[in-house]
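# Coordinate inspection notes
Take a look at the letters that make up each chain.
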Amino acid sequence: MSTVREPMIHPIPILSLRPTQMTVGMREVKEKRKRWREQKKSKQAESLGKHMIPVVCGPDDRYYVIDHHHLARALHDEGVKDILVTVIGDLSMVERDAFWGVMDNKRWVYPYDAKGDRRHFKDLPKSIAELKDDPFRSLAGELRRIGGFAKDTTPFSEFLWADFLRRKLSTKVVEDNFAKAIEKSLALAKSHDAVYLPGWCGPADEG
């Protein structure tokens, strides 16, 4: 099995890519769309060459996205049809019945819905366009951006933070007053309740 990052030299239709998670933070997607629109056409082309989507080649020669779902969704929503990918794993020889078990074992799939509940692999969206909004994933993304926790190599680390925040805050607060939700999240992120989470930075006031 190849684990070498291997860029595809020909574009892949974005809608042919198969997600390995059920949700994204739409607030984060909108921010990426805004930044994309602000670039000149020449910069957009350059950006597509630099930001390749990491994928695993699965049975039936389908490509499964294992990171940058937000970027792929943002580009799709902005009308981009094709994108370059980087193949970081080849599981095309694995039988379909065993495929998702292998993906799960490698932590290349996160089959949890917008409520944080684990779902069957068959419930995963079939395309980037079908990804649902999880407001708490947006909250976790913004929390990391402002320094609430550090970027970490743990797979799906922002979702672990999203689930932590989901247990502490109401959906209404996140949807109706995002600034207040961020303020509360920052305090929670520095608490010892969050010590087990990837990228935890510790209490800000510890001497």
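Just above sits the structure.
Report on the accompanying structure. (Residues numbered from 1 in each chain as written. Predicted model: local features only at pLDDT ≥ 70, side-chain atom pairs only at ≥ 80, totals over all residues. Heavy atoms only, no water.)

### Digging into the overall build of the protein chain
- Within the protein chain, the secondary structure is distributed over 8 helices and 8 strands.
- Against the 2.2 N^0.38 benchmark of 17 Å for 207 residues, the protein chain shows a C-alpha radius of gyration of 18 Å, consistent with a compact globule.
- Projected onto its principal axes, the C-alpha positions of the protein chain cover 50 × 45 × 35 Å.
- Expressed as a percentage of the 207 residues in the protein chain, the buried residues total 45%.
- For the protein chain, the share of sequence-separated contacts (at least 6 apart) that also reach a separation of at least 24 residues comes to 75%.
- For the protein chain, the exposed surface amounts to about 11300 Å²; the carbon and sulfur share of it is 50%. (Helix = DSSP H or I, 4+ residues; strand = E, 2+ residues; numbered from the N terminus. Rg over C-alpha atoms; globule rule 2.2 N^0.38 Å. Buried < 20%, exposed > 50% of the residue type's maximum accessible area, 1.4 Å probe, protein only. Contact = heavy atoms within 4.5 Å. Areas by Shrake-Rupley, 256 points an atom, 1.4 Å probe, with all protein chains shown as cover.)

### Quick notes on the nonpolar core
- Ranked by size, the top nonpolar core spans 22 residues in total, and within it Leu-17, Ile-53 and Val-55 carry the most contacts.
- Elements with a minimum of two residues in this core: helix 1 (26-37), strand 4 (53-57), strand 5 (63-65), helix 3 (69-77) and strand 7 (85-90).
- Among the elements that make up this core, the one with the highest residue count is helix 3 (4 residues).
- Every residue in contact with Leu-17, bar those within four places of it in the chain, is listed here: Ile-12, Val-55, Tyr-63, Val-65, Ile-83, Val-85, Lys-126, Ser-127 and Ile-128. (Core = buried A, V, L, I, M, F, W, Y, C linked by side-chain atoms within 4.5 Å.)

### Here's the deal with the packing of aromatic side chains
- Evaluation of the coordinates by the stated rule reveals 11 aromatic pairs.
- Ring centres of Trp-100 and Phe-121 lie 5.6 Å apart, and the angle between their planes is 15°; on these two criteria the pair is classed as stacked. On the criterion of sequence distance, the pair formed by Trp-100 in helix 4 (residues 96-105) and Phe-121 in the loop between helix 4 and strand 8 (132-133) is long-range, its members being 21 residues apart.
- Cluster of aromatic residues (ring-pair linked, three or more members): Tyr-64, Phe-99, Trp-100 and Phe-121.
- In this structure, Arg-27 is placed above the aromatic ring of Phe-178, and the distance from its NZ or CZ to the ring centre is 3.6 Å. (Phe/Tyr/Trp six-rings, centres within 6.5 Å; stacked < 30°, edge-to-face > 60°. Lys NZ or Arg CZ within 6 Å of the ring centre and 35° of its normal.)

### With respect to helix 1
- Here helix 1 spans 16 Å end to end across 12 residues, near enough to the 16 Å set by a 1.5 Å rise per residue.
- Among the residues making up helix 1, those that are buried are Met-26, Val-29 and Trp-36. Looking straight down helix 1, one finds that the buried residues subtend no more than 70° of arc, so they occupy a single side.
- Packing partners of the buried residues in helix 1 comprise strand 3 (23-24), helix 2 (41-50), helix 3, strand 8 and helix 5 (135-145). (Expected span 1.5 Å × (residues − 1). Arc of directions from axis to C-beta.)

### Some remarks on the packing of helix 5 against helix 8 (residues 178-189)
- Where helix 5 contacts helix 8, the two axes come as close as 10 Å, and the packing angle between them is 65°. As for how helix 5 packs across helix 8, the hand of that crossing is right-handed. Along the contact surface, helix 5 presents Ser-138, Leu-139, Glu-142 and Leu-143, while helix 8 presents Phe-178, Ala-181, Ile-182, Ser-185, Leu-186 and Ala-189.
- Its residues assigned to classes, the contact of helix 5 with helix 8 shows 7 nonpolar, 2 polar and 1 charged. (Axes fitted to C-alpha atoms, helices over the stretch in contact; angles between N-to-C directions. Left-handed = near helix turned anticlockwise from the far one by under 90°. Nonpolar A, V, L, I, M, F, W, Y, C, P; charged D, E, K, R; others polar.)

### Let's talk about the pairing of strand 7
- In terms of residue burial, strand 7 counts as a mostly covered element, since 5 of its 6 residues are buried.
- In the sheet, strand 4 pairs with strand 7 via 5 bridges, with the strands oriented parallel. Residue pairing across strands places Cys-57 opposite Asp-90, the latter belonging to strand 7. (Pairing = 2+ DSSP bridges.)

### Side note on unusual backbone geometry
- The backbone of Asp-61 sits at a positive phi, close to 60°, despite the residue not being glycine.
- Mapping Asp-61 onto the fold places it in the loop between strand 4 and strand 5.
- Given the relative accessible area of 58%, Asp-61 is considered exposed.
- One non-glycine residue, His-68, lies in positive phi territory at about 65°.
- Mapping His-68 onto the fold places it in the loop between strand 5 and helix 3.

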